[in-house]
Every structure is written in structure tokens, then in C-alpha cells.
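Summary of the model geometry
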Amino acid sequence: IETARVGGNAKKYFFFFAAVFILLAGLAASYFLLPKATIALELKNQGKSAALDIIADVQAGGIDAGNKIIPAKLEQIEQETTGDFDSTGSSSGGAKSSGKVVIYNEFSPENQPLVATTRLETADGKIFRITKGVVVPGVAKVGSETKPGAIEADVVADKAGEDMNIGPADFRISGFKNNPSKYEKFYAKSTKAMASGSAGEAKVITAKDLTTAKDEITVSAKKAAVAALKKSLPADRKIFDNAVNVEVLSATTSDVAGVEKEKFSATAKVRASVLSVGESDVKEILKNDLARQGASIGAISFDEPVNYILSDFDSQKKTLKFSAKADASALSGIDIENFKKGILGKTNEEAQTYAKNFPAIQKTNISFWPFFVSRIPMKESRVNVEVK
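Residues numbered from 1 in each chain as written. Predicted model: local features only at pLDDT ≥ 70, side-chain atom pairs only at ≥ 80, totals over all residues. Heavy atoms only, no water.

Examining the overall build of the protein chain
Of regular secondary structure, the protein chain possesses 6 helices and 23 strands. Counting all 388 residues of the protein chain, 37% fall into the buried class. Considering only intrachain contacts with a sequence separation of at least 6, the fraction spanning at least 24 residues in the protein chain is 76%. In the form shown here, the protein chain has an accessible surface area of approximately 22400 Å², with 51% of it arising from carbon and sulfur atoms. (Helix = DSSP H or I, 4+ residues; strand = E, 2+ residues; numbered from the N terminus. Buried < 20%, exposed > 50% of the residue type's maximum accessible area, 1.4 Å probe, protein only. Contact = heavy atoms within 4.5 Å. Areas by Shrake-Rupley, 256 points an atom, 1.4 Å probe, with all protein chains shown as cover.)

Structure follows, in C-alpha cells:
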């Protein structure tokens, strides 16, 4: 066996042609296996308007774009408001002293009701009456300790005069004198002096004063409740003022008619409730409508607030019907998949001509990879379409 050696120029030519072959093979592989194209589409921006009738329902589980239904949420808040009012009646007999006492029950574990005008008597015989009915709690056992029931009550002197402006005192309930044990175990104490007793003309609370006070404090409570309800809502929640329902839970006064006082207080407790809707849900419904008009749903923006008009409110079914109208900026819609199928295999010039068949397209930019590729690949997975 003879071995032939390649040397000199022959060896150089061998490596040269081998390198050229590998390069050409790589280029061929790149051309057939690696080409990619990125097509950037700039769509036309259009001003559009949407106006729809929408139903909001607390029973709705989510957005129903086809039937234009969105979820509603019941919002509620309770508000208690107290105010002071002037008495308008007068009495020539002078003013009666008044103040507060705490009534204690050491007699029984049962609650004890006391009606308005119940008499409380001091050791020296001065009589004060509670201004409105109260219920004194029964004796309570806390661990091994027994505690008397207690409740605070407003009282007024049985007669006018400065001599009834007494200091802190102990009282017994006159009506329990026939039951010595009960009389002993029910008592009252005041920690502050009674005041406002005087001779001469005095102010007296009239029935009209009480009615007027209840009406005014109720109006104030309603306004405060609506304001508090609005303040408690997240920024995205929308309510309709004419769908707010305010229920009066109670309206009371600190005193009864005939009590000699210059001022008295009135308290009203109300509950405000309303159905709220999410503005993001409303905009989602409007976007779907704009998409049906040809806009690209992913490129719709509302530059101005949505305008609302309530048409119906059912407090029993807890539903709202309203119209929503908004102007929006929207990109024209385009079927990306259909566009991509039609542009495969085209050169840059052919692709630009093809893009003109789509009115929504304003500008088309195409980039190829590798650099020597001049046609869009025939394989869809090698083509990426971006919308701007």
C-alpha cells in the first residue's frame, strides 16, 4: 500500500473549498430553516361614540355583554344624628331644675321598667321626675361578684324654684314605698348638681317643639347618611342620586311636652341604601359595542367621562335600568389571522401592496431575519404580526 501525501497548494485548495462548502450549507440552512419576519401594523385611529341601555342586577354573576347586563351591588349605611333645639313655650311659675341620675337595681335579676314622670325623692323630701321611660337592667353576676343593674336617666324637678338646684344626692323611688324590700334595693344617685331652677317665667317644651325637632333632625340625618354613603364608595362605583332610599329607623327627643327647659335634644337614626354599578363593567359593555362597529377592542380608550341617565329602579327586585353614553378613541379592527395567511411568501413590495387591501391599516413596516432574506416565510409560525 502506497501513501500519497497532499502538500503545497493542493492542501490549501482543499481547506478553502471545504470552508466554502460549509458556509454555503449554513446559508442554505438559514434560508430554508431560520427565516423570520416581523410585520408591524399601524392602524388608523378613529373617534367613535357608544350609547346603550344597560341593566344592573344584584343577581347577575358577571358581565353579560350580549344581553347588556352587569352586576349591581347593594350599598347600605346607618347614620345617627343628634341636635339641640330651643323650647318655645313659657310658664309664669318659674323654671324647674334638671339634671341626670343613675338608677340602680339591687332587688332582682329581672329588668324593671319605669314610666316617664316616675318620682325620685331625696332624703329631705325634694321630688324629681324622670323625663321619659327607661328599663333598669336586673342584677348581674360576674364571676363570684354580684353587680346591680344601672341606667342613666334625665330628671326634672317636680316644682320650679332655685331651691331645687341641689348638689349631688341620693334618691329613692316613691312608688315602691309599699314594698320595703324593693324600696330599699332600688335607688338613684346624681354626681353633678341640678341646675336651671329659677323663680318667675320659664321656658316650656311644647308638643309642637317636639314635632318640629323630630322633623328637622330627620332631614339632617338623611342628608348626613347620603353623604356618608357616597364617601364610603370606591372610586369605581357609580350610584344614582334618585335611586337612593332612606329609611327612618327612629326619631326621639330627650324630654316630653310640658317639661320646663330652655333647650332639649332630638335624635334620628336612618338607614340609606342604594344599588351601585362598576364603571369598569359599564365600559366593558360599551367596548363590546364599539368592537361590533369595527373597532379593535384592545385599543379603545375613553377620553371623557361616561354620561348616565337612570330610566328605571326596582327596589324589590334590586335592579337598575339606565342608559350610558361615551365618546372614545379606537383603533380600526382587523382580522390578524386572515391578514397573516394572505401575506405569506410575499416580498416587501408585494406585502405593502397587499396591506392596502385593508382600510384599517395606515402603515406597514416589515423586518426580515437573517439579513439576506427577502421574502416573508411560508410558515405562519415564523411570522409575527404586531399591532400599534
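Considerations on the environment of Glu 121
Looking at the secondary structure, you find Glu 121 in strand 7 (residues 119–121). Assessed through its relative accessible area of 17%, Glu 121 is described here as buried. Residues Glu 121 and Tyr 187, spaced 66 residues apart in sequence, show a C-alpha to C-alpha distance of 9.4 Å. With near-sequence residues (within four places) excluded, Glu 121 lies in contact with Lys 126, Ile 127, Asp 170, Phe 171, Arg 172, Ser 174 and Lys 177. Here the side chain of Glu 121 touches Ser 174 through a polar contact of 3.1 Å, side chain to side chain. (Polar contact = N/O pair within 3.5 Å; in protein donor to acceptor, adjacent residues only side chain to side chain.)

Section: the pairing of strand 1 (residues 36–43)
Pairing between strand 1 and strand 22 (residues 361–369): 8 bridges, direction antiparallel. Bridging across to strand 22, Ala 40 finds its partner in Asn 365. In terms of strand pairing, strand 1 meets strand 23 (residues 383–387) through 5 bridges, oriented parallel. For Ala 40, the partnering residue across the bridge sits in strand 23 and is Glu 386. (Pairing = 2+ DSSP bridges.)

What to know about the sheet that holds strand 1
With mixed pairing, 3 strands are arranged side by side in an open sheet as 22-1-23. The open sheet is flanked by strand 22 and strand 23, the only strands paired with a single partner. Neighbour-to-neighbour, the strand axes of the sheet open up by a mean angle of 15°, direction not taken into account. Contacts from helix 5 (residues 336–343) reach strand 1, strand 22 and strand 23 within the one sheet, and its direction differs from that of strand 23 by about 135°. (Axes fitted to C-alpha atoms, helices over the stretch in contact; angles between N-to-C directions.)

Here's the deal with the nonpolar core
Judged by nonpolar contacts, the single largest core of 43 residues is most densely connected at Ile 54, Ile 70, Val 282, Leu 286, Leu 320 and Phe 322. When contributions to this core are tallied by element, the ones reaching two or more residues are strand 2 (45–57), strand 3 (69–86), helix 3 (207–232), strand 18 (263–278), helix 4 (279–292), strand 19 (295–302), strand 20 (307–314) and strand 21 (319–332). Element by element, the count of residues in this core is highest for strand 18, at 8 residues. In terms of nonpolar packing, the next biggest core, distinct from the first, is built from 20 residues, Leu 114, Ala 157, Met 164 and Ile 166 among them. (Core = buried A, V, L, I, M, F, W, Y, C linked by side-chain atoms within 4.5 Å.)

A look at the pattern of salt bridges
According to the stated counting rule, one finds 15 salt bridges in the structure shown. A salt bridge links Lys 269 to Glu 78; the nearest nitrogen and oxygen atoms lie 3.7 Å apart. Of the two residues, Lys 269 is situated in strand 18 and Glu 78 in strand 3; the sequence distance between them amounts to 191 residues. Glu 121 is the partner of Lys 177 in a salt bridge, and the nearest nitrogen-oxygen pair spans 3.3 Å. Taken together, the positions of Lys 177 in the loop between strand 13 (170–173) and helix 2 (180–185) and Glu 121 in strand 7 put the pair 56 residues apart, joining distant regions of the chain. In this structure Lys 177 comes out as partly exposed when scored by relative accessible area, which is 46%. (Salt bridge = Lys/Arg side-chain N within 4 Å of Asp/Glu carboxyl O.)

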